[in-house]
Amino acid sequence: KKEINRGFKMNKKFNITDEKLPLTELVLDMNQFELPNVWRADFSKAKINHEAEYINGQKHELENISSIVVPAFDDTVLTALEKMNVSTGSLKNTEIEFIGDFINIEKQIEQEKNVKIKLNKPQIRLKNEVVNKKSAKRGEDKIWYSVIAINSVKMVAEGFQLVADE
């Protein structure tokens, strides 16, 4: 598999008069959020996203990886609950979108690892989500299309470092 380098554009400036701003590329102030220092990431549940191109309106996935999304929990909270023998099954995870370090991440996926990590170059970004599906009639056919909106944020990181158990 090929790996592409998608370095952060931390100092990228946008023109305020642009009609279409790439809102999902805006980086929010990390100090506005309470974030754990150490995460417990479950690489067995990772989702690999590939770059795509559109030909005649049809999406075709390419070989290059664009990101890998891994569910993770605040390690401090998870450890405390486990010590008290409290079920963690209903605990809400945070999805971390990794946009680099794919070789290291794929090793963890192959081993189905659930490990403690610290994020490299973490960012908070706005998240596009499908909020609804609508239909429209085109001739005899009824077509469906997704309504996408920005209604939450996501954790993005370039990679991670493993944290040893204490």
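Just above, that's the structure.
For clarity, every value in this text was computed on a predicted model and none was experimentally measured. Per chain, residue numbering runs from 1 following the sequence as it is written. At least 70 in pLDDT is required for a residue's local features to be given in this predicted model, at least 80 for side-chain atom pairs to be given and counted, and no such filter applies to totals for whole chains, interfaces and linings, which use all residues. Based on all heavy atoms of the structure, the side-chain values leave hydrogens and waters out of the count.

Caption draft 1: Examining the environment of Asn64 more closely. Numbering of helices and strands runs from the N terminus, with a helix taken as a DSSP run of H or I at least four residues long and a strand as a DSSP run of E at least two residues long. Residue position: Asn64 is located in strand E4 (residues 58–74). Sequence separation of Asn64 and Glu51 is 13 residues, and the distance between their C-alpha atoms is 5.7 Å.

Caption draft 2: The pattern of salt bridges, seen in detail. By convention in these notes, a salt bridge is any Lys or Arg side-chain nitrogen within 4 Å of a carboxyl oxygen on Asp or Glu. Taken as a whole and assessed by the stated rule, the structure comprises seven salt bridges. Taking the shortest distance from any N to any O, the salt bridge between Arg40 and Glu82 comes out at 3.2 Å. Here the residue Arg40 occupies a position in strand E2 (residues 39–42), and Glu82 occupies one in helix H1 (residues 75–83), the gap between them amounting to 42 residues. Relative accessibility under 20% of the residue-type maximum defines a buried residue, over 50% an exposed one, and the middle range a partly exposed one, all with a 1.4 Å probe and only protein chains included. Of the residues examined, Glu82 reaches a relative accessible area of 39% and is grouped as partly exposed. A salt bridge links Glu95 to Lys47; its shortest N-O distance comes to 3.2 Å. Separated by 48 residues along the polypeptide, Glu95 in strand E5 (residues 94–98) and Lys47 in strand E3 (residues 47–55) bring together distant segments of the chain. A residue is classified by how much of its surface remains accessible, and Lys47, at 42% relative accessible area, is partly exposed. Within this structure, Arg40, Asp75, Glu82 and Lys116 form a network of salt bridges that share partners.

Caption draft 3: Quick peek at the packing of aromatic side chains. Each aromatic pair joins two rings of Phe, Tyr and Trp (for Trp, the six-membered one) with centres within 6.5 Å, and gets the label stacked for planes under 30 degrees apart, edge-to-face for over 60, and tilted for any other angle. Here the structure, examined in full by the defined rule, presents three aromatic pairs. A ring pair is formed by Phe43 and Phe160, whose centres lie 5.3 Å apart and whose planes are at 40 degrees; its orientation type is tilted. Residue Phe43 is located in the loop between E2 and E3, and its partner Phe160 is located in strand E9 (residues 159–162); the two are separated by 117 residues in the primary sequence. Neither residue differs from the other here; Phe43 and Phe160 are each classed as buried. Ring geometry for Phe98 versus Phe160: centroids 5.8 Å apart, planes at 65 degrees, classification edge-to-face.

Caption draft 4: The arrangement of the nonpolar core in detail. The definition of a nonpolar core used throughout is a set of buried Ala, Val, Leu, Ile, Met, Phe, Trp, Tyr and Cys residues joined through side-chain atoms within 4.5 Å. Counting residues in hydrophobic clusters, the biggest one holds 18 residues, and the most contacted among them are Trp39, Phe43, Ile96, Phe98, Ile117 and Leu119. Taken together, the elements giving at least two residues each to this core come down to E2, E4, E5, helix H2 (102–110), strand E6 (114–120) and strand E8 (141–157).

Caption draft 5: Representation of H1 in the model. Buried within H1 we find Asp75, Leu78 and Leu81. Buried positions in H1, seen along its axis, are confined to an arc of 135 degrees and lie on one side of it. For H1, exposure combined with an orientation more than 90 degrees from the buried face picks out Thr76 and Lys83. Polar contact is defined as a pair of N or O atoms within 3.5 Å, subject to the rule that within protein one atom must be able to donate a hydrogen and the other to accept it, and that residues adjacent in sequence are counted only when both atoms are side-chain atoms. By the N-cap criterion, in which a side-chain oxygen at the helix start approaches the backbone nitrogen of a residue two or three places on, H1 is capped by Asp74, the distance to Thr76 being 2.9 Å. Of the residues one or two after H1, Asn85 is the one with positive phi, at around 55 degrees. In this description, the arc belongs to the directions extending from the helix axis to the C-beta atoms.

Caption draft 6: Summary view of unusual backbone geometry. The residue Glu112 is not glycine, and still its phi comes out positive at about 50 degrees. Relative to the elements of secondary structure, Glu112 occurs in the loop between H2 and E6. Classification of Glu112 by relative accessible area gives exposed; the value is 58%. With phi around 50 degrees, Lys121 is a residue other than glycine that occupies positive phi space. Structurally, Lys121 is set in the loop between E6 and strand E7 (123–138).

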